[in-house]
Each structure stands twice: as structure tokens, then as C-alpha cells.
Amino acid sequence: AVYETHKIGGYPTYAQGAPDIPASYPFVMQINFDSDADLNIGDCGSYYFYYNADKNDWRVYSDCY
């Protein structure tokens, strides 16, 4: 089973499938919907953060059910 949660590093757990993020932007962290923290991201959604150290540039992706 895959359990969605906030995470730093590792591998993201997407609700709708992987986005088209260039390989030069590795996954950094994921912030999920969290009723305990009163954080609502769409319909049980998540934010995904990717960082390119060479360009000092971030990419952010969001999805939900």
C-alpha cells in the first residue's frame, strides 16, 4: 500500500500521475492535505517541490483527486 503524507526526499506519491518535470529538477519535498493542520489543498491534494541547484531554480506542481 502507498500512504500519502508530507515528506522530505525519497519519492513523491502523486494523486493523478507524474508531471513532466525535467530530470535536472530532482524531487525535494511534498506537502499534503492535512486536516489536523487545517491545510486544504483541493480535494485531498498535494504540493510537490523540485529544485535545480545549478540554476538555483524551483518548480512546484500541484494535484488532487
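The structure under discussion appears in the preceding block.
Below is a summary of the structure that appears in this document. Just so you know, these numbers come straight off a predicted model, no measurement behind them. (Residues numbered from 1 in each chain as written. Predicted model: local features only at pLDDT ≥ 70, side-chain atom pairs only at ≥ 80, totals over all residues. Heavy atoms only, no water.)

Another aspect to go through is the overall build of the protein chain. On a plain count of helices and strands, the protein chain comes out with zero helices and four strands. Helices and strands appear in the protein chain in the N-to-C order β-β-β-β. With the C-alpha coordinates of the protein chain rotated into their principal frame, the extents come out at 35 × 20 × 20 Å. Going through the 65 residues of the protein chain one by one, you find that 23% of them count as buried. Long-range contacts, defined here as pairs at least 24 residues apart, represent 35% of the contacts in the protein chain between residues at least 6 apart. When the accessible area of the protein chain is evaluated, it comes to approximately 4,500 Å², of which 53% is carbon and sulfur surface. (Helix = DSSP H or I, 4+ residues; strand = E, 2+ residues; numbered from the N terminus. Buried < 20%, exposed > 50% of the residue type's maximum accessible area, 1.4 Å probe, protein only. Contact = heavy atoms within 4.5 Å. Areas by Shrake-Rupley, 256 points an atom, 1.4 Å probe, with all protein chains shown as cover.)

Moving on, we come to unusual backbone geometry. With a phi close to 55°, D38 is a non-glycine residue in the positive phi region. Here D38 lies in the loop between strand 2 (27-32) and strand 3 (46-52). Residue D38 is classed as exposed on the basis of its relative accessible area, which comes to 73%. The backbone of N56 sits at a positive phi, close to 50°, despite the residue not being glycine. Turning to its location among the elements, N56 is positioned in the loop between strand 3 and strand 4 (57-63). Owing to a relative accessible area of 59%, N56 belongs among the exposed residues under this scheme.

Strand order across the open sheet formed by four strands is 1-2-3-4, with antiparallel pairing between neighbours. Lying at the two open borders of the sheet, with one neighbouring strand each, are strand 1 (7-8) and strand 4. With five bridges connecting them, strand 2 and strand 3 associate as antiparallel partners. For F27, the partnering residue across the bridge sits in strand 3 and is Y50. (Pairing = 2+ DSSP bridges.)

When we look at a pair of aromatic rings, we describe it by the centre distance and by the angle of the planes. One pass over the full model with this rule turns up five aromatic pairs. Taking the centre distance of 4.8 Å and the plane angle of 50° together, the rings of Y14 and Y48 count as tilted. Of this pair, Y14 sits in the loop between strand 1 and strand 2 while Y48 sits in strand 3; the two residues are 34 residues apart in sequence, bridging distant segments of the chain. Relative accessible area serves as the criterion here: at 25%, Y14 is assigned to the partly exposed category. Residue classification places Y48 among the buried positions, given a relative accessible area of 0%. Arranged with centres 6.0 Å apart and planes meeting at 65°, the rings of F27 and Y50 form a pair that is edge-to-face. A residue pair is termed long-range when its members are at least 10 positions apart, and F27 in strand 2 and Y50 in strand 3 qualify at 23 residues. Of the two residues, F27 and Y50, neither departs from the other in class, the shared state being buried. Aromatic rings pair up to connect Y14, Y48 and Y61 into one cluster. The ring of Y25 has R59 sitting right over it, with the charged end atom 4.4 Å from the ring centre. (Phe/Tyr/Trp six-rings, centres within 6.5 Å; stacked < 30°, edge-to-face > 60°. Lys NZ or Arg CZ within 6 Å of the ring centre and 35° of its normal.)

The quantities given are spatial measurements derived from coordinates; they are silent on function.
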